[in-house]
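Chain and residue survey
Take a look at the letters that make up each chain.
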Amino acid sequence: SQTIHQWPATLVQPVGSPLSLECTVEGTSNPNLYWYRQAAGRGLQLLFYSVGIGQISSEVPQNLSASRPQDRQFILSSKKLLLSDSGFYLCAWRHRGGIYNEQFFGPGTRLTVL
Amino acid sequence: GEDVEQSLFLSVREGDSSVINCTYTDSSSTYLYWYKQEPGAGLQLLTYIFSNMDMKQDQRLTVLLNKKDKHLSLRIADTQTGDSAIYFCAVPNSGNTGKLIFGQGTTLQVKP
């Protein structure tokens, strides 16, 4: 069966510090991978998605970047965090191709920027 | 682009039925999804319906799809306190990009 991991689970960082959040998927190959942010009391905002190693599409201009160094690894980064980067970050995967679009989510990382 | 709308809050009493509504704009969707998010957790796929169906029932859950009106609903029968969560409807983005467009989420509060 497939599983998706995110770490860390929670993170408190000062403004201006760097960020690295990691997401890994097990039990599948060539997944599409997604990073979402959920601000407090709000819906999901798609930040990045990837259809393959080194292939990243950015959905919104922002202070963040993403990388996919391996097939089942997706990393969200920032060089200098802003207060507005606080939120709940969710990674998700789906099978590539076909008509099935359901995405499967990780447990999330709660980021607080102070 | 695709737009998905949900009401933000619903409060029911334990044992009553809950109905969460969702409207969307794009008509080319294949599967449409409902996700559940419990406090502090990721999203869990709850159920889905294929666009050529009007209704799908799965134990206490009933999904209704009115394709003409582009309206999707999730009915939870005999709502329990454990059903308290945020419920998201999600619709595939047009153009088969593999992206899902999520509604804002409906917070369901179940009172004992």
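Quick look at the structure, then. (Residues numbered from 1 in each chain as written. Chains lettered and ligands numbered in written order. Predicted model: local features only at pLDDT ≥ 70, side-chain atom pairs only at ≥ 80, totals over all residues. Heavy atoms only, no water.)

1. Thoughts on the interface of chain B and chain A
Here is the rule we go by: Working rule for contacts: check all heavy atoms of both residues, and any pair within 4.5 Å makes them a contact. Buried area: the accessible area, evaluated with a 1.4 Å probe, that two parts lose upon being put together, summed over both parts. By definition here, a salt bridge exists when the distance from a side-chain nitrogen of Lys or Arg to a carboxyl oxygen of Asp or Glu is within 4 Å. Polar contact criterion, stated in full: a pair of N or O atoms within 3.5 Å, where within protein one must be able to donate a hydrogen and the other to accept it, and residues adjacent in sequence count only if both atoms are side-chain atoms. Numbering of helices and strands starts at the N terminus; helices are DSSP runs of H or I of at least 4 residues and strands are runs of E of at least 2. Under the scheme applied, nonpolar residues are Ala, Val, Leu, Ile, Met, Phe, Trp, Tyr, Cys and Pro; charged residues are Asp, Glu, Lys and Arg; polar residues are all the others, including Gly.
Opposite the 20 residues of chain B that make contact, chain A presents 23 residues. Here chain B and chain A share an interface that buries about 1600 Å² over both sides, 56% of which is from carbon and sulfur atoms. At the junction of chain B with chain A, the criterion picks out one salt bridge. One salt bridge in this structure joins Lys99 of chain B and Glu59 of chain A, with 3.2 Å as the shortest N-O distance. Here chain B is connected to chain A by four residue pairs in polar contact (both at pLDDT 80 or more). The leading source of residues in the side of chain B that touches chain A is strand 4 (residues 31-37) of chain B, at four residues. Taken together, the residues that form the side of chain B that touches chain A break down as 11 nonpolar, eight polar and one charged.

2. Description of the pattern of salt bridges
All names here are of chain B. Here is the rule: Only protein chains enter the accessibility calculation, which uses a 1.4 Å probe; a residue whose area is less than 20% of its type maximum is buried, one above 50% is exposed, and one in between is partly exposed.
Following the criterion strictly, the structure yields six salt bridges over all chains and no others. Notably, a salt bridge pairs Asp83 with Arg60, separated by 2.9 Å at the nearest N-O pair. Taken together, the positions of Asp83 in the loop between strand 8 (71-76) and strand 9 (85-92) and Arg60 in the loop between strand 6 (55-58) and strand 7 (61-66) put the pair 23 residues apart, joining distant regions of the chain. A salt bridge links Lys68 to Asp69; the nearest nitrogen and oxygen atoms lie 3.6 Å apart. With relative accessibility at 48%, the residue Asp69 sits in the partly exposed group.

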